[in-house]
Amino acid sequence: QGWSMLGVMAGGWTWYRDPWVSDEFDRLATGGFFNQFERVVFYGASMGGYAACAFCAAHPGADVVVISPQSTLDKSLVPWETRYKTAWGADFSGKYGDAAQASRTARRVSILYDPYEPLDAGHVARFEGENVMRLRAPLMGHRLGSSLHQMGILSPIILGALDGTLTEAGFYRRLRARRDFPRYQRELFNRAVARGHTALARRLGAWALRRGDNRAIRLAMADL
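Quick caveat, the model's predicted, so the values are computed rather than measured.

Novice: Can you walk me through the overall build of the protein chain in this structure?
Specialist: A count of helices and strands for the protein chain gives ten helices and four strands. Sequence-ordered secondary structure for the protein chain, helices as α and strands as β, is α-β-α-β-α-β-α-β-α-α-α-α-α-α. Overall, the C-alpha framework of the protein chain stretches about 65 × 45 × 30 Å when taken along its three principal axes. Of all 224 residues assigned to the protein chain, the portion counted as buried reaches 47%. Contacts spanning at least 24 positions in sequence make up 64% of the contacts within the protein chain whose residues lie at least 6 apart. Summed over its atoms, the accessible surface of the protein chain is roughly 11,900 Å², and 51% of this surface lies on carbon and sulfur atoms.

Following this line, the structure appears as structure tokens:
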């Protein structure tokens, strides 16, 4: 079986809210475009993750795989969202407006996110459908896709999600690679320091340095 890919690129920070985008997805849906495929998967990260969750409503039963998505930028629904001011004035109404609602039509929505990023976690909390699988990647930040890529585990995770074989257990097994990832080690260390847990920070630092050199931690340890 072969793969076909339809790419949708935004010409700026538009969150795909230009009316013609919705019209085009309606045209593809009514014209039977999606019906020619055995499986349809919508994929994206951040703004693209929003789009994947929103426009999957054009083909109910599709699978969705997203990284750090927004659910909407409608300030009446997410008044706590302080990022992306350029799109605050956009119209997020209509069937493709609220991604958390639109994605209820999907078979499964796999969301990768950092639960310690409060704004990202706030959006993910709005995805309340029984079809949602939340995959937590603590201390990886909003751009966790880049970190997963640097660890060499992004491709197998995404491919597993695309072909339907990814499970929560499988995801967390692969995520164990973060133990040797300098950024993750640094985040753990810095959080311990920031909270005044000096003894814990020393133990974390020693643990990280036993696994390999981490320059930032090595230099910080000298100041503890």
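Next comes the rest of the account.
Novice: I tried to follow the pairing of strand β3 (residues 108-113) on my own but got confused; where do I start?
Specialist: Counting buried positions along β3 yields six of six residues, so the element is predominantly enclosed. Pairing geometry for strand β2 (residues 63-67) and β3, over five bridges, is parallel. Bridge pairing links Val 65 to Ser 110 in β3. The handedness of the β3 to strand β4 (residues 132-136) crossover, carried by helix α4 (residues 118-125), is right-handed.

Novice: Whenever I open this one, the pattern of salt bridges confuses me. Can you help?
Specialist: One side chain can pair with another of opposite charge once the charged atoms of both are near each other. In this structure the tally under the stated criterion is nine salt bridges. Between Arg 27 and Glu 24 there is a salt bridge; the shortest N-O distance is 2.5 Å. Of this pair, Arg 27 and Glu 24 both sit in helix α1 (residues 19-30), separated by three residues, roughly a single helical turn. Three or more residues joined by partner-sharing salt bridges are found here, namely Arg 39, Asp 63 and Arg 107.

Novice: Teacher, can you tell me more about the nonpolar core here?
Specialist: Side chains of nonpolar character tend, in soluble globular proteins, to be buried together. Grouped together as the largest cluster of nonpolar side chains are 36 residues, with contacts concentrated most on Trp 15, Phe 25, Phe 42, Phe 55, Val 64 and Ile 111. Those elements that place two or more of their residues in this core are α1, α2 (47-55), β2, α3 (99-102) and β3. Apart from residues no more than four positions distant in its own chain, Phe 25 is found in contact with Val 8, Phe 34, Phe 42, Phe 55, Ala 58 and Tyr 96. Residues Val 65, Leu 112, Leu 135 and Leu 166 belong to the second largest nonpolar core, which totals 22 residues.

Novice: Whenever I open this one, the packing of aromatic side chains confuses me. Can you help?
Specialist: Any pair of aromatic rings gets described here by the distance separating the centres and the angle formed by the planes. Following the criterion strictly, the structure yields ten aromatic pairs and no others. Centroid distance Trp 15 to Tyr 84: 4.8 Å. Interplanar angle 50°. Geometry classified as tilted. With Trp 15 in the segment before α1 and Tyr 84 in the loop between β2 and α3, this pair connects stretches of sequence that are 69 residues apart. Classification of Trp 15 by relative accessible area gives buried; the value is 1%. Between the aromatic rings of Phe 33 and Phe 37, the centroid separation amounts to 5.5 Å while the plane-to-plane angle is 70°, which identifies the pairing as edge-to-face.

Novice: What am I meant to see in the side chain of Glu 81 here?
Specialist: The topology assignment puts Glu 81 in the loop between β2 and α3. Discounting chain neighbours no more than four positions away, the residues touching Glu 81 are Leu 73, Lys 75, Trp 88, Leu 119 and His 123.

Novice: In this structure, what is going on with the sheet that holds β2? I would like to understand it.
Specialist: The strands making up a sheet associate through backbone hydrogen bonding, with each pair oriented either parallel or antiparallel. Overall, parallel pairing links the four strands, which are arranged β1-β2-β3-β4 in an open sheet. The outermost strands of the open sheet, each flanked by one partner alone, are β1 (41-45) and β4. In this sheet, adjacent strand axes meet at a mean angle of 10° when their direction is disregarded. Contacts from helix α6 (residues 154-163) reach β1, β2 and β3, with the element oriented near 155° to β2.

Novice: Even after reading the chapter, I still don't get α2, so can you show me in this structure?
Specialist: Since the α-helix packs 3.6 residues into each turn, any two residues three or four apart lie on the same face. Counting buried positions along α2 yields nine of nine residues, so the element is predominantly enclosed. What α2 keeps buried is the set Met 47, Gly 48, Gly 49, Tyr 50, Ala 51, Ala 52, Cys 53, Ala 54 and Phe 55. On its buried side, α2 packs onto α1, β1, β2, α3 and β3.

Novice: Would you mind showing me how to read the environment of Val 193 here?
Specialist: Mapped onto the secondary structure, Val 193 falls in helix α8 (residues 182-194). Discounting residues that sit within four places of it in the chain, Val 193 has contacts with Ala 201 and Leu 224.

Novice: Please explain the packing of α8 against helix α9 (residues 198-210) as it appears in this structure.
Specialist: Packed helices, taken two at a time, are described by the angle their axes make and the gap between the axes. Running from N to C, α8 and α9 point in directions that differ by 165°, and their axes come no closer than 8 Å. When the interaxial angle is binned, α8 and α9 end up roughly antiparallel. You can see that α8 and α9 cross each other, and the crossing is left-handed. Contacts between α8 and α9 involve Gln 185, Leu 188, Phe 189, Ala 192 and Val 193 from the first element and Leu 200, Ala 201, Leu 204, Gly 205, Trp 207 and Ala 208 from the second. For the contact of α8 with α9, the per-class residue count stands at nine nonpolar, two polar and no charged.

Rules and cut-offs
Residues numbered from 1 in each chain as written. Predicted model: local features only at pLDDT ≥ 70, side-chain atom pairs only at ≥ 80, totals over all residues. Heavy atoms only, no water. Helix = DSSP H or I, 4+ residues; strand = E, 2+ residues; numbered from the N terminus. Buried < 20%, exposed > 50% of the residue type's maximum accessible area, 1.4 Å probe, protein only. Contact = heavy atoms within 4.5 Å. Areas by Shrake-Rupley, 256 points an atom, 1.4 Å probe, with all protein chains shown as cover. Pairing = 2+ DSSP bridges. Right-handed = clockwise from strand over helix to strand, strands pointing away. Salt bridge = Lys/Arg side-chain N within 4 Å of Asp/Glu carboxyl O. Core = buried A, V, L, I, M, F, W, Y, C linked by side-chain atoms within 4.5 Å. Phe/Tyr/Trp six-rings, centres within 6.5 Å; stacked < 30°, edge-to-face > 60°. Axes fitted to C-alpha atoms, helices over the stretch in contact; angles between N-to-C directions. Parallel < 35°, antiparallel > 145°, perpendicular 65-115°, else oblique. Left-handed = near helix turned anticlockwise from the far one by under 90°. Nonpolar A, V, L, I, M, F, W, Y, C, P; charged D, E, K, R; others polar.

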